Amino acid sequence: MMKFIVFFTVLFASANCDALDRQAERFVRLGLEVGQHDPDYVDAYLGPAEWKAAVLENPRSKEEVAAEVRELLAELEAPPSAHADQADRHRALLSMVRAMDTRMRMALGETYSFAEEARLIYDVVVPEYDFASFDRALAEIEAMFPGEGELAERVDRFKDSVQLPEGPRDAVVRRAIDECRSRTLEHIELPPGEGFRLEYVTGKTWGGYNWYQGDNISLMMINLDNPLRIGDVIRLGCHEGYPGHHVWNVLVENQLWKENGWIEYSLYPLFSPFALMAEGSANYGVYLAFPGDERSAFERDVLYPMAGLDTDKIETLGRLRHLTAMLGHARAATVQQYLDGNISRAEAVDRTRRYLLVSAEKAERSIRFAEKYRSYVVNYTLGEDIVRSYIETRSETLDGRWEAFERMLTELKTASDMIDAD
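Please read all numbers here as calculations on a predicted model, not as lab measurements. (Residues numbered from 1 in each chain as written. Predicted model: local features only at pLDDT ≥ 70, side-chain atom pairs only at ≥ 80, totals over all residues. Heavy atoms only, no water.)

Novice: Can you lay out the packing of helix 12 (residues 294-307) against helix 13 (residues 314-325) for me, pointing to particular residues and giving the numbers?
Specialist: Packed helix pairs are specified by the crossing angle of their axes together with the interaxial distance, meaning the distance between the axes. At their nearest, the axes of helix 12 and helix 13 sit 11 Å apart, and the two run at 140 degrees to each other. When the axis of helix 12 is compared with that of helix 13, the two are oblique. Every pair of crossing elements has a handedness; the one defined by helix 12 and helix 13 is right-handed. On helix 13, the residues touching R295, S296, E299, R300 and Y304 of helix 12 are I314, L317 and R321. Of the residues in the contact of helix 12 with helix 13, the class split is three nonpolar, one polar and four charged. (Axes fitted to C-alpha atoms, helices over the stretch in contact; angles between N-to-C directions. Helix = DSSP H or I, 4+ residues; strand = E, 2+ residues; numbered from the N terminus. Parallel < 35°, antiparallel > 145°, perpendicular 65-115°, else oblique. Left-handed = near helix turned anticlockwise from the far one by under 90°. Contact = heavy atoms within 4.5 Å. Nonpolar A, V, L, I, M, F, W, Y, C, P; charged D, E, K, R; others polar.)

Structure representation (structure tokens):
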């Protein structure tokens, strides 16, 4: 009897795996179709070229695509009992299909509140934001920069005083990225030949972007519409590269797709629950790679001299960086009020300028980003909070946090999983 039990257990596990493989392939093919109606949906695709060609050769209406997405979602919501070693994979695929369904419903005209959209796509509960706490941080910054006129203008002038000169700019940026990479490689092993291409662009709503190309290579883009200041380069190098987006993409491609054979990870949807973990880990990665005062020390000792900038403002810049981090949630709070119709667009631009301490031009770009990507903005600050808590409750040592960080990047946890695990 025991032999038959073992036989049927193995057979059942194989059947569940086969079912998941079929559902995963269907997810990828549907994702490519969704991308035809939602142009920002597919961030990268590394799978079979013939699948993409088939989508282009046989286009379907958004109604047809949305209907099949709903069918796949229903399948995943009522599955047979998954084998234990496939449970995490099934849960992750279900969360990605739920997000895909939400985006297609939006493409068909359905509307959601900011909080509901964030819950359905990013698996996160948006907190009640308190503008009074933002005002307290502004008061401290006001004390640092007394004077006439708007505080945002005064802070912007100060930041412009540490703008990277055009001549050494590329060398400074590359040196910063190299440092982010070397610090990451002390803790995370990456495949031989991994790397990135760097491009400078204009006309974008974002400051930096990592477009993963596959085979361990990324295209890292920096938008020069924004003045590039000395304090930006470590953040960009860590966030877009090491240990941020580039590292995450490399690990997902190699471990989840190529080693496990999970085809769903050949498609990188921009709008999925893993966007929160990706953006949160990329932000937290700055503090992991440069703990304590190490970021300011590296900027002072290496980057400032390369850029030909005086270091007399570095202490003020560090203090400002700390206080403006406390204002980070003001962006999501403002966008939530705007997209929910509680404030006008002009008010949203004004609040962005006030609480993010940016120029009118940059505030306008920030709101255009929100209009395009909507509740995605929660992934940066709320994502960082969730990742930080998850990592730092697992270890009090730097080495232990790096180990937890690397595991987290491929263990298929979404925001609610990480919060429940705490």
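Novice: So what about the confidence of the model for the protein? Which residues, and what values?
Specialist: Overall, the predicted model of the protein reaches an average pLDDT of 92, with 95% of residues at or above 70. Within the model, the stretch residues 1-13 combines pLDDT values under 50 with two contacts to residues more than four positions away or in other chains. (pLDDT = per-residue confidence, 0-100.)

Novice: So what about the nonpolar core? Which residues, and what values?
Specialist: Judged by nonpolar contacts, the single largest core of 132 residues is most densely connected at F27 and I230. Among all residues touching I230, those that are not within four sequence positions of it are V162, L164, V172, E299, L303, Y304, A307, L309 and L317. Residues Y338, I343, A363 and I367 belong to the second largest nonpolar core, which totals seven residues. (Core = buried A, V, L, I, M, F, W, Y, C linked by side-chain atoms within 4.5 Å. Buried < 20%, exposed > 50% of the residue type's maximum accessible area, 1.4 Å probe, protein only.)

Novice: An account of the layout of surface pockets is requested, with residue identities and associated values reported.
Specialist: Think of a ball as big as a water molecule: rolled over the atoms, this probe shows where empty space is left. The calculated volume of the second largest pocket comes to roughly 500 Å³. What lines the second largest pocket is a set of 24 residues, and nearest its centre among them are Y287, F290, P291, G292 and D293. Of all the elements in the fold, those that place two or more residues in the lining of the second largest pocket are helix 11 (274-289), helix 12, helix 13, helix 17 (378-392) and helix 18 (398-410). Per element, the largest residue contribution to the lining of the second largest pocket is seven residues, and it comes from helix 13. In terms of residue class, the lining of the second largest pocket is made up of ten nonpolar, five polar and nine charged. (1 Å grid on protein atoms, 1.4 Å probe; cavity = no way out; pocket = protein on both sides within 12 Å on 5 of 7 lines; lining within 4 Å. Points joined across faces, edges and corners; volume = space filled by probe spheres on them.)

Novice: I'd like a description of unusual backbone geometry, backed by residues and values.
Specialist: Of note, the bond from Y242 into P243 is cis; its omega dihedral lies within 30 degrees of zero at 5 degrees. Position of P243 among the secondary structure elements: in the loop between helix 9 (232-241) and helix 10 (245-259). Phi angles above zero are rare outside glycine, and N216 is one such case at about 70 degrees. If you trace the backbone, N216 turns up in the loop between strand 3 (208-214) and strand 4 (217-223). With a relative accessible area of 11%, N216 lands in the buried category. With a phi close to 65 degrees, L412 is a non-glycine residue in the positive phi region. Given a relative accessible area of 7%, L412 falls into the buried group.

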